[in-house]
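Commentary on secondary and tertiary structure
One-letter residues, chain by chain:
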Amino acid sequence: MQEVITYYLEMKDKNELSSVEVSNGLSVVEAEIDNFKLNRFLYQYVGEPWGWVDKLSLSDEQWREYVETPNLRTWVAYYKGSIAGYFELSMSDKADVEIAYFGLAENFIGKGFGGYLLSQAIQQAWNMENVKRVWVHTCTLDHPSALKNYQARGFKIYKQESSTMSV
């Protein structure tokens, strides 16, 4: 059994963002046409090293419903023509935007892209209509720098939970 700590972080004002403006050649493009197969690929591609398994058993129809939700938007990060990472933003009815999924593919970690990509995610979240709060969660199973990156961009922890899981 392994203890897993989940951290919930929030930003309540866009002026709290400490943005990284240097892209290091990374370009970020919104996937404006819903394609559940793309989202499923990105989820597996980015999430596999970190044990993202909660959506692996979803059917095509369940993936389609998830991706075609009007409040979900997806951005893909490219470096030299290759997919380097992505993020999904999910807007709730309460004017909260969750960074539902965020990450870099394993071979693009450590190249100075994380701060810029997260800054782009936060800026896009604040650009959505009537946003009052942007939030995200991460856990000790994610990349060791994930929590530090969120905090460096201006997120504050508002809740923490411990659980045990078998490894």
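Structural data are supplied above this passage.
Let me sum up the structure you'll find in this document. Since the model is a prediction, treat every value here as computed from it, not as a measurement.

Moving on, we get to the packing of helix 1 (residues 36-47) against helix 2 (residues 60-67). Between helix 1 and helix 2, whose axes approach to 9 Å, the crossing angle comes to 95 degrees. If you check the angle between helix 1 and helix 2, you find them roughly perpendicular. Contact residues: helix 1 offers Phe 36, Asn 39, Arg 40 and Tyr 43, while helix 2 offers Asp 60, Trp 63, Arg 64 and Val 67. Across the contact of helix 1 with helix 2, the residue classes break down as 4 nonpolar, 1 polar and 3 charged.

This next bit is on the pairing of strand 3 (residues 72-79). Relative to strand 3, strand 2 (residues 26-30) runs antiparallel, the two being bridged by 5 bridges. Paired with Val 28 across the strands is Ala 77, a residue of strand 3. Pairing between strand 3 and strand 4 (residues 82-91): 8 bridges, direction antiparallel. Considered in strand 4, the bridge of Thr 74 is made with Glu 88. As consecutive antiparallel partners, strand 3 and strand 4 are separated by 2 residues, and within that stretch Lys 80 has a phi angle of approximately 50 degrees, a positive value.

Moving on, we get to the sheet that holds strand 4. The sheet built from 7 strands is open, its strands ordered 2-3-4-5-6-1-7 with mixed pairing. Two strands close off the open sheet at either side, each with one partner strand: strand 2 and strand 7 (156-165). Here the strands of the sheet are splayed against their neighbours by 25 degrees on average, with no regard to which way each runs.

Glancing now at the environment of Ser 82. With respect to the helices and strands, Ser 82 occurs in strand 4. Separated by 13 residues in sequence, Ser 82 and Ala 95 place their C-alpha atoms 33 Å apart.

Membership of the largest hydrophobic core comes to 34 residues, with the highest contact counts inside it found for Leu 89, Ile 99, Phe 102, Ile 122, Tyr 150 and Phe 155. Ile 122 has contacts with Met 11, Leu 17, Ile 99, Arg 153 and Phe 155, leaving out every residue within four places of it along the chain. Listed in part, the 14 residues of the second largest apolar core include Tyr 43, Leu 72, Ala 100 and Tyr 101.

For Thr 138, the location among the structural elements is in strand 6 (residues 133-139). The class of Thr 138 is buried, set by a relative accessible area of 2%. Within the structure, the side chain of Thr 138 is placed 2.8 Å from the side chain of Asp 142, a separation counted as a polar contact. Once residues within four sequence positions are removed from consideration, Thr 138 is found in contact with Ile 5, Thr 6, Tyr 7, Leu 9, Ala 146, Leu 147 and Tyr 150.

A rise of 1.5 Å per residue sets the reference length of helix 3 (residues 114-127), with its 14 residues, at 20 Å; its end C-alpha atoms lie 20 Å apart and thus fit the reference within 8%. By the criterion of burial, helix 3 is predominantly enclosed, with 11 of the 14 residues buried. Three or more residues of helix 3 are buried, namely Gly 114, Gly 115, Tyr 116, Leu 117, Leu 118, Ser 119, Gln 120, Ala 121, Ile 122, Ala 125 and Trp 126.

How each quantity is defined
- Residues numbered from 1 in each chain as written.
- Predicted model: local features only at pLDDT ≥ 70, side-chain atom pairs only at ≥ 80, totals over all residues.
- Heavy atoms only, no water.
- Axes fitted to C-alpha atoms, helices over the stretch in contact; angles between N-to-C directions.
- Helix = DSSP H or I, 4+ residues; strand = E, 2+ residues; numbered from the N terminus.
- Parallel < 35°, antiparallel > 145°, perpendicular 65-115°, else oblique.
- Contact = heavy atoms within 4.5 Å.
- Nonpolar A, V, L, I, M, F, W, Y, C, P; charged D, E, K, R; others polar.
- Pairing = 2+ DSSP bridges.
- Core = buried A, V, L, I, M, F, W, Y, C linked by side-chain atoms within 4.5 Å.
- Buried < 20%, exposed > 50% of the residue type's maximum accessible area, 1.4 Å probe, protein only.
- Polar contact = N/O pair within 3.5 Å; in protein donor to acceptor, adjacent residues only side chain to side chain.
- Expected span 1.5 Å × (residues − 1).

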